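Here's the letter readout for the chains.
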Amino acid sequence: MNVLVINCGSSSLKYQLLDMTNEEVLAKGLVERIGIEGSILVHEAPGQEKVKLEQPMKTHKEALNLVMAALVDPNHGVVKTLGEISAVGHRAVHGAETFSDSVVIDDAVIKSLEECSELAPLHNPANLIGINACRELLPNAPMVAVFDTAFHQTLPGEAFMYPLPYELYEKFKIRKYGFHGTSHKFVSLAAAKLMGKKIEDLKLISCHLGNGASLCAIKNGKSVDTSMGLTPLAGLEMGTRCGDIDPAIIPFLVNKGYSVEEVDNIMNKKSGVLGVSGISSDFRDVESAADKGDKRAQLALDIFHYRVRTTIGAYVAAMDGVDGIIFTAGLGENSTTSRAAICSGLKYFGIVLNPVENSKRGQATIISEKESKVTVMVIPTNEELMIARDTLALVK
Ligand code: ADP
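These numbers were taken from a predicted model, which means no experiment stands behind them. (Residues numbered from 1 in each chain as written. Predicted model: local features only at pLDDT ≥ 70, side-chain atom pairs only at ≥ 80, totals over all residues. Heavy atoms only, no water.)

**Topic: the overall build of the protein chain**
Here is step 1: When its secondary structure is counted, the protein chain shows 15 helices and 14 strands.
Here is step 2: Rg of the C-alpha trace for the protein chain: 21 Å, near the compact-globule value of 21 Å for 396 residues, within the 12% margin.
Here is step 3: Taking the principal axes of its C-alpha atoms as reference, the protein chain extends roughly 60 × 55 × 45 Å.
Here is step 4: Going through the 396 residues of the protein chain one by one, you find that 49% of them count as buried.
Here is step 5: In the protein chain, 60% of the contacts between residues at least 6 apart in sequence involve partners at least 24 apart.
Here is step 6: By element, 53% of the accessible surface of the protein chain is carried by carbon and sulfur atoms, the whole surface being about 18,600 Å².
Here is step 7: One way to put it: in the protein chain the 40 positive side-chain charges average out to a point 4 Å from where the 47 negative ones average out. (Helix = DSSP H or I, 4+ residues; strand = E, 2+ residues; numbered from the N terminus. Rg over C-alpha atoms; globule rule 2.2 N^0.38 Å. Buried < 20%, exposed > 50% of the residue type's maximum accessible area, 1.4 Å probe, protein only. Contact = heavy atoms within 4.5 Å. Areas by Shrake-Rupley, 256 points an atom, 1.4 Å probe, with all protein chains shown as cover. Lys, Arg positive; Asp, Glu negative; His and termini not counted. Charge placed at Lys NZ, Arg CZ, Asp CG, Glu CD.)

Structure below.
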């Protein structure tokens, strides 16, 4: 059974076609610059050369049309007809309190998704465009929405409520939702397997460290706290986002003459590792500048490691213990120095890294010493596979 996974952004679209009999990726690709000049589709199938197609794609529907054409192309296609696509799984960003699990898409779900758009104005409308375009192009394939927020719907009140007047929660649904849920769920299940234990018996902390970064405390397989909030701006320092700051900084800057939009733009796009280092939002650039002695680059990294480490400490308190810590996503899977820096301050918890194992990159492995009280792991995330698994489970 072939499942197509679609991840629609505002001007981009990622896709993967998976054969779920053996979870094999048949083809994957990326469309960028939809609706702007220079639209490009890059399509890849294992064992074949990459195909690049540059032509105007004004809408997501046009882009999806080209994706479908690439999938059935006689030369570089991987299926004979679109009828061989049995189901479609869509990444959906914000499911608010409406969706605590993945769901088969029907008209009522689309209406609810539209209602959730207010909470994710940049993401949900793009997801909806992708869903509607796919419904037109593949009218017979059942579709499933898999939400970034759903995994965190198990957070207890003390973790998800902000201590604001209660009426703001009732009126506007202002609360912590959390994101990266699909990734946190995938790596926690894989970690339990690697540890040879049942997920129901474990206390895990998952560290998804990429351009966007969040931590998640997972007790007995359920998310009990996470570092992102109402929006993905909260929590850790990120590539360009500030994470948690004193909220009074916002009115302070507004009183200094900045508009609210300017402050919002500063916090989302000009802060974090980029803002502190003044060099780049890409951790590789900042790590190499720090290696050459750049003090602000080093400070940007120190802030990042400190926040991850202290949040791990908070989550040990949230769960009254921890059995395993997982590193995942671009930086978590690849930066041996960051993993070492983060864990260096966690000796009190009995965490000891094995330097040889920690020097490995991008493969599922235990990087702590045998005598370490807590198992530290690297688990490559695979959100597409998690979406395809959920899709298969729901349409079967
Ligand atoms: P996102 O999906 O949020 O855009 P990724 O999970 O792809 O992000 O992670 C991207 C980040 O991972 C970048 O900042 C990149 O510099 C960092 N990264 C990737 N490989 C390495 C590496 N070998 N060492 C350090 N950082 C890395």
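Now, onward.
**Let's talk about the pattern of salt bridges**
Here is step 1: With the rule as written, the count across this model stands at 11 salt bridges.
Here is step 2: Salt-bridge contacts for D107 lead to R135; the nearest nitrogen and oxygen are separated by 3.1 Å. Of this pair, D107 sits in helix α2 (residues 107–116) while R135 sits in helix α3 (residues 124–137), placing them 28 residues apart in sequence.
Here is step 3: Given the relative accessible area of 58%, D107 is considered exposed. (Salt bridge = Lys/Arg side-chain N within 4 Å of Asp/Glu carboxyl O.)

**Remarks on the site of the ligand**
Here is step 1: Around the ligand sit 13 residues in total, of which N211, D282, F283, G330 and R361 are the nearest.
Here is step 2: At 3.2 Å from an oxygen atom of the ligand is found a main-chain nitrogen or oxygen belonging to R284.
Here is step 3: Measuring from a nitrogen atom of the ligand, one finds a side-chain N or O atom of R361 at 3.1 Å.
Here is step 4: Going through the elements one at a time, α10 (283–291) and α12 (329–334) are the ones with two or more residues in the shell around the ligand.
Here is step 5: Ranked by the residues each element gives to the shell around the ligand, the list is headed by α12, at 4 residues. (Near = heavy atom within 4 Å. Polar contact = N/O pair within 3.5 Å; in protein donor to acceptor, adjacent residues only side chain to side chain.)

**Structural notes on the pairing of strand β4 (residues 40–44)**
Here is step 1: Across the 5 residues that make up β4, a large majority, 4, are buried.
Here is step 2: Judged from the 5 bridges that link them, strand β3 (residues 24–32) and β4 form a sheet pairing that is antiparallel. Considered in β4, the bridge of V31 is made with L41. (Pairing = 2+ DSSP bridges.)

**Brief notes about the packing of aromatic side chains**
Here is step 1: This structure, assessed with the given rule, holds 5 aromatic pairs.
Here is step 2: Three or more aromatic residues joined by ring pairs form one cluster here, namely F160, Y166 and Y169.
Here is step 3: Positioned over the ring face of Y169 is K173, at 5.5 Å from the centre of the ring.
Here is step 4: It is R175 that lies over the ring of F160; its NZ or CZ is 3.6 Å from the centre. (Phe/Tyr/Trp six-rings, centres within 6.5 Å; stacked < 30°, edge-to-face > 60°. Lys NZ or Arg CZ within 6 Å of the ring centre and 35° of its normal.)

**Focus on the state of the cysteines**
Here is step 1: Per the stated rule, a full pass over the model turns up 0 disulfides.
Here is step 2: The closest cysteine sulfur to the non-disulfide-bonded C116 is located on C8, 17 Å from its own sulfur.
Here is step 3: Distance from the sulfur of C343, which forms no disulfide, to the nearest cysteine sulfur (C207) is 7.9 Å. (Disulfide = S-S within 2.5 Å.)

**Focus on the UniProt feature "site: Transition state stabilizer" (unreviewed entry) in the protein chain**
Here is step 1: Using the residue numbers shown here, the UniProt feature "site: Transition state stabilizer" (unreviewed entry) corresponds to H180 and R241.
Here is step 2: Mapped onto the secondary structure, H180 falls in the loop between α5 (166–172) and α6 (181–195).
Here is step 3: In contact with H180, other than residues within four places in its own chain, are D148, H152, H208, G212, A213, S214 and M228.
Here is step 4: Counting through the fold element by element, R241 comes out in the loop between β11 (222–226) and α7 (249–255).
Here is step 5: In this structure R241 comes out as partly exposed when scored by relative accessible area, which is 22%. (UniProt positions renumbered as here; feature names shortened; annotations may be inferred.)

**Structural notes on the packing of helix α1 (residues 60–72) against α3**
Here is step 1: Viewed as axis vectors pointing N to C, α1 and α3 meet at an angle of 50°, and their least axial separation amounts to 9 Å. By the angle between their directions, the pair α1 and α3 is classed as oblique. The element α1 and its partner α3 pack so that their crossing is right-handed. Where α1 abuts α3, its residues H60, K61, L64, N65 and M68 lie against I129, G130, A133, C134, E136 and L137. (Axes fitted to C-alpha atoms, helices over the stretch in contact; angles between N-to-C directions. Parallel < 35°, antiparallel > 145°, perpendicular 65-115°, else oblique. Left-handed = near helix turned anticlockwise from the far one by under 90°.)

**Quick word on the UniProt feature "active site" (unreviewed entry) in the protein chain**
Here is step 1: Per the UniProt record, "active site" (unreviewed entry) is found at D148.
Here is step 2: Following the sequence through the fold, D148 ends up in the loop between β8 (143–147) and α4 (157–160).
Here is step 3: Other than its neighbours up to four places away in sequence, D148 contacts R91, A92, V93, G178, F179, H180, G181 and T182.

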